[in-house]
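Chain by chain, the residues:
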Amino acid sequence: MAKKEKTKGPFQFMQFSVIGLANAGVDIGTLNLLLLLFPTDERGLLALFNTIAYSLAVANSYFWNVLITFRNSAEGSNRQRLMFILQGMVSLGVNNLVFLGANQLFEWVGMHRWLRYNIAKGCAMFLSFTSSFFMIKYFVFKDTDRKFFRK
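Residues numbered from 1 in each chain as written. Predicted model: local features only at pLDDT ≥ 70, side-chain atom pairs only at ≥ 80, totals over all residues. Heavy atoms only, no water.

Participant: Could you clarify how one ought to interpret the overall build of the chain in this entry?
Facilitator: The number of helices and strands found in the chain is four helices and zero strands. Counting from the amino terminus, helix and strand elements in the chain follow one another as α-α-α-α. Looking at the chain residue by residue over its 151 residues, the buried ones come to 40%. By sequence separation, contacts in the chain at least 24 residues apart represent 80% of the contacts at least 6 residues apart. Looking at the chain as shown, the accessible area adds up to about 8800 Å², and 72% of this sits on carbon and sulfur atoms. (Helix = DSSP H or I, 4+ residues; strand = E, 2+ residues; numbered from the N terminus. Buried < 20%, exposed > 50% of the residue type's maximum accessible area, 1.4 Å probe, protein only. Contact = heavy atoms within 4.5 Å. Areas by Shrake-Rupley, 256 points an atom, 1.4 Å probe, with all protein chains shown as cover.)

Participant: How should I be thinking about the nonpolar core in this particular structure?
Facilitator: When a protein is soluble and globular, its nonpolar side chains tend to lie buried together. L31, L35, L46 and F99 are the most contacted members of the largest nonpolar core, which totals 14 residues. Of all the elements in the fold, those that place two or more residues in this core are α1 (3-37), α2 (43-69), α3 (78-108) and α4 (113-140). Of all hydrophobic cores here, the second largest spans eleven residues; its members include V66, F70, V140 and F141. (Core = buried A, V, L, I, M, F, W, Y, C linked by side-chain atoms within 4.5 Å.)

Participant: I tried to follow the side chain of S91 on my own but got confused; where do I start?
Facilitator: Here S91 is to be found in helix α3. Note on S91: relative accessible area 0%, which makes it buried. With near-sequence residues (within four places) excluded, S91 lies in contact with Y54, S128, S131, S132 and M135.

Participant: Even after reading the chapter, I still don't get the confidence of the model for the chain, so can you show me in this structure?
Facilitator: Where the model shows low pLDDT, its predicted coordinates should not be examined in detail. In this model, the chain carries a mean pLDDT of 83, and residues with pLDDT of at least 70 account for 85%. Mean pLDDT values for the elements of the chain range from 82 in α1 up to 91 in α3. Counting interchain partners and residues more than four positions distant, the pLDDT-below-50 stretch residues 1-7 has one contact. In the predicted structure, residues 145-151 sits below a pLDDT of 50 and forms twelve contacts with residues beyond four places in sequence or in another chain. (pLDDT = per-residue confidence, 0-100.)

Participant: Got a minute to help me understand α3 in this structure?
Facilitator: One turn of the α-helix equals 3.6 residues, which is why residues spaced by three or four share an orientation. Here α3 contains 31 residues, and its C-alpha end-to-end distance of 45 Å stays within 8% of the 45 Å for a straight helix at 1.5 Å per residue. A positive backbone phi angle near 85 degrees is found at G110, which sits one or two residues after α3. (Expected span 1.5 Å × (residues − 1).)

Participant: So what exactly am I meant to see when it comes to the pattern of salt bridges here?
Facilitator: When their charged atoms lie close together, side chains carrying opposite charge are able to pair. If you walk through the whole model with that rule in mind, you get four salt bridges. Here R113 and D41 are joined by a salt bridge, their closest N and O atoms 3.0 Å apart. Of the two residues, R113 sits in helix α4 while D41 sits in the loop between α1 and α2, which places them 72 residues apart along the sequence. On the accessibility criterion, R113 (35% relative accessible area) is partly exposed. D41 sits in the partly exposed class, given a relative accessible area of 34%. What you see here is one network of salt bridges that share partners, running through D41, E107, R113 and R116. (Salt bridge = Lys/Arg side-chain N within 4 Å of Asp/Glu carboxyl O.)

Next comes the structure, spelled out in structure tokens:
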């Protein structure tokens, strides 16, 4: 294996992580704004708010990861878009399950609402971020011979 290929994975993960920080701002910011405007403990609304926040972050993720992290393997094809949407749905499921589950656990231990929402969101983001990277790298933007952004 060439040296460039050995460093490609860690470098891509670093790029994905930096973009992930911006996505985290979109995700947490949107969730907190919705909770500030419409305070609730109702699980259905929490799932809806989390889904809205996560979906905005995923759209941001797609845009920046196509342009930066996976630019050498992004084809811009309908297949890649569909695969990205499918991985986003799986990651959203992971995110919602962890967010709601952790929130419930933290509520049982008596944690303050704002703190438990944000810690639960952080846990959800970490697990969905990690699974998302591997799904995107190995299923959505796996290296192909066609290069969308090369001239």
